[in-house]
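# Structure assessment
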Amino acid sequence: MSSQVTEPSPASEATELRPTFSWLGAWKAALTQPSVATYTDLLLDPRMSLRRAVAWLVTCSLIANLVGILLLATVFPSTLTELAFDASQTGPQGFQTTPSMLLVFSLACVPFMAMMFVATSLLGYALLHFIASALGSQGSYTELVYAHAAYLAPLTFLTTLLGMFPVVNCLTLPLGLYSLGLQLMALKASARMTWGRVIAVMGVVALLIILVAAVGALVWMSPEVQNWMAESGVTA
C-alpha cells in the first residue's frame, strides 16, 4: 500500500516565507535599516493592518506625553512653576493655577492629545494617499499608513524625549531630516511608484502646505483680525 505525500501549495509556501515582525522589531527595522526593501518586508507581514498601525501611533503618543509631563514635574519643576504662573497671569481675573493643578490637568489631557495626534495623522495620510493615487499609486491606504506608522511611532517618542533636554534638543532637527528620508522610502514601498512620482507627490504636498500657510498669514494680518486682537488685548 503506497502512501501519498501532499506537497505544500505555492500559496502556502509564500505565506510561510512572509516576514513577521513584533512591535519593537518593526520599529527597529524601520528606523535602523532604512531602505525600500525594509518597508516592503514590513508590508508583507501577515499582521499588517490599519488597526495595528493606529495602535502603534496611540501607544507611542500616550507614552511620549506621559513621560514628557513626568519629566517636566520631576526634572524641570521650575519650568512647571513658570508655566503655572503664566497661566495665572493670562487667565481670567481671580484665576490662580498651581503647579499641581497644571500637572493634573496635563495628565488628564494626555488621552485627548493622543487621539488628536492620531486623527491628524490619519487625515494627513488620507490626503497623501489621494495625491499619490492621482499620480499612479498602486498601494492601498492601509499600506501607506502602516509603512509610515512604523517609523513615525518610535520617532514621536524619541523627539519628545530629546526636546525635553536643552543639551540634546538640537538633535530634533537632524531627526526631522532623517524622518523625511524615511517618509520617502515608506511612500515608495507602499505606493509602488517610481522615485520620480514619489518626488512629485511630495512636491504637491509641499505646495499645498505653502499655500495654506500663505492664506493663513494673509488672514492673520488682515485689518479685521488685527482690530479684534487690539480690542482683545492680544499681541502678535
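Residues numbered from 1 in each chain as written. Predicted model: local features only at pLDDT ≥ 70, side-chain atom pairs only at ≥ 80, totals over all residues. Heavy atoms only, no water.

## Quick look at the overall build of the protein chain
When helices and strands are tallied, the protein chain shows 11 helices and zero strands. Going from the N terminus to the C terminus, the protein chain shows its helices and strands as α-α-α-α-α-α-α-α-α-α-α. For the protein chain, with 236 residues in total, the buried portion stands at 32%. Carbon and sulfur atoms provide 70% of the accessible area of the protein chain, an area that totals close to 14,300 Å². (Helix = DSSP H or I, 4+ residues; strand = E, 2+ residues; numbered from the N terminus. Buried < 20%, exposed > 50% of the residue type's maximum accessible area, 1.4 Å probe, protein only. Areas by Shrake-Rupley, 256 points an atom, 1.4 Å probe, with all protein chains shown as cover.)

## As for the nonpolar core
Core analysis: the biggest nonpolar cluster contains 43 residues, and Tyr39, Leu42, Trp56, Leu128, Tyr151 and Leu187 have the highest contact counts within it. Those elements that provide at least two residues to this core are α2 (23–32), α3 (36–44), α4 (50–74), α7 (110–134), α8 (141–164), α9 (172–191) and α10 (195–220). The leading source of residues in this core is α8, at 11 residues. In contact with Leu128, other than residues within four places in its own chain, are Leu144, His148, Gln183, Leu187, Val201, Met202 and Val205. (Core = buried A, V, L, I, M, F, W, Y, C linked by side-chain atoms within 4.5 Å. Contact = heavy atoms within 4.5 Å.)

## With respect to the environment of Lys188
Mapped onto the fold, Lys188 is located in helix α9. A C-alpha to C-alpha distance of 9.0 Å links Lys188 and Thr40, two positions 148 residues apart in sequence. When sequence neighbours within four positions are dropped, the list of residues in contact with Lys188 reads Val36, Met193, Thr194, Trp195 and Val198. Looking at Lys188, its side chain comes within polar contact range of the main-chain oxygen of Met193, at 3.2 Å. (Polar contact = N/O pair within 3.5 Å; in protein donor to acceptor, adjacent residues only side chain to side chain.)

## Description of the confidence of the model for the protein chain
Predicted confidence across the protein chain gives a mean pLDDT of 81, with 75% of residues reaching 70 or more. When the elements of the protein chain are averaged for pLDDT, helix α1 (residues 10–17) gives the smallest value, 44, and α3 the largest, 95. (pLDDT = per-residue confidence, 0-100.)

## Overview of unusual backbone geometry
Despite not being glycine, Arg192 has its phi angle at roughly 55°, a positive value. With respect to the helices and strands, the residue Arg192 is situated in the loop between α9 and α10. For Arg192, a relative accessible area of 40% gives the class partly exposed.

## Observations regarding the pattern of salt bridges
Using the criterion set out here, one finds three salt bridges in the structure. Here Arg52 ties to Asp45 by a salt bridge, and the two come within 3.5 Å at their closest N and O atoms. We classify Asp45 as buried; its relative accessible area is 3%. Residues Arg192 and Glu143 are paired through a salt bridge, measuring 3.4 Å at the closest nitrogen-oxygen approach. Placement of Arg192 in the loop between α9 and α10 and of Glu143 in helix α8 is noted, with a sequence separation of 49 residues between them. When its relative accessible area of 15% is taken as the criterion, Glu143 is described as buried. (Salt bridge = Lys/Arg side-chain N within 4 Å of Asp/Glu carboxyl O.)

## Description of a nonpolar patch on the surface
Residues Leu127, Phe130, Val204, Leu208, Leu211, Val215 and Val219 make up a contiguous nonpolar surface patch of about 620 Å² in total accessible area. Of all the secondary-structure elements, those providing two or more residues to the nonpolar patch are α7 and α10. Considering every element that reaches the nonpolar patch, the biggest residue donor is α10, with five residues. Mapping Val204 onto the fold places it in helix α10. Residue Val204 is classed as partly exposed on the basis of its relative accessible area, which comes to 32%. (Patch = residues over 30% accessible without salt bridge, like charges linked within 9 Å, V, L, I, M, F, W, Y side chains within 5 Å.)

## So, α7
Along its 25 residues, α7 runs 36 Å from first to last C-alpha, staying within 8% of the 36 Å computed at 1.5 Å per residue. Taken together, the buried positions of α7 are occupied by Val110, Ala114, Val118, Ser121, Tyr125, Leu128, His129, Ile131 and Ala132. A positive backbone phi angle near 105° is found at Gly136, which sits one or two residues after α7. (Expected span 1.5 Å × (residues − 1).)

## Things to note about the packing of aromatic side chains
Taken as a whole and assessed by the stated rule, the structure comprises three aromatic pairs. Ring centres of Trp27 and Trp56 lie 6.2 Å apart, and the angle between their planes is 75°; this geometry places the pair in the edge-to-face category. Highlighted residues: Trp27 in helix α2 and Trp56 in helix α4, separated in sequence by 29 residues. The exposure class assigned to Trp27 is buried, which follows from its relative accessible area of 12%. Relative to Tyr146, the ring of Trp56 lies with its centre 4.8 Å away and its plane at 40°, an arrangement referred to as tilted. Separated by 90 residues along the polypeptide, Trp56 in helix α4 and Tyr146 in helix α8 bring together distant segments of the chain. A relative accessible area of 0% places Trp56 in the buried class. Each residue in the set Trp23, Trp27, Trp56 and Tyr146 is aromatic and connected to the rest through ring pairs, giving one cluster. (Phe/Tyr/Trp six-rings, centres within 6.5 Å; stacked < 30°, edge-to-face > 60°.)

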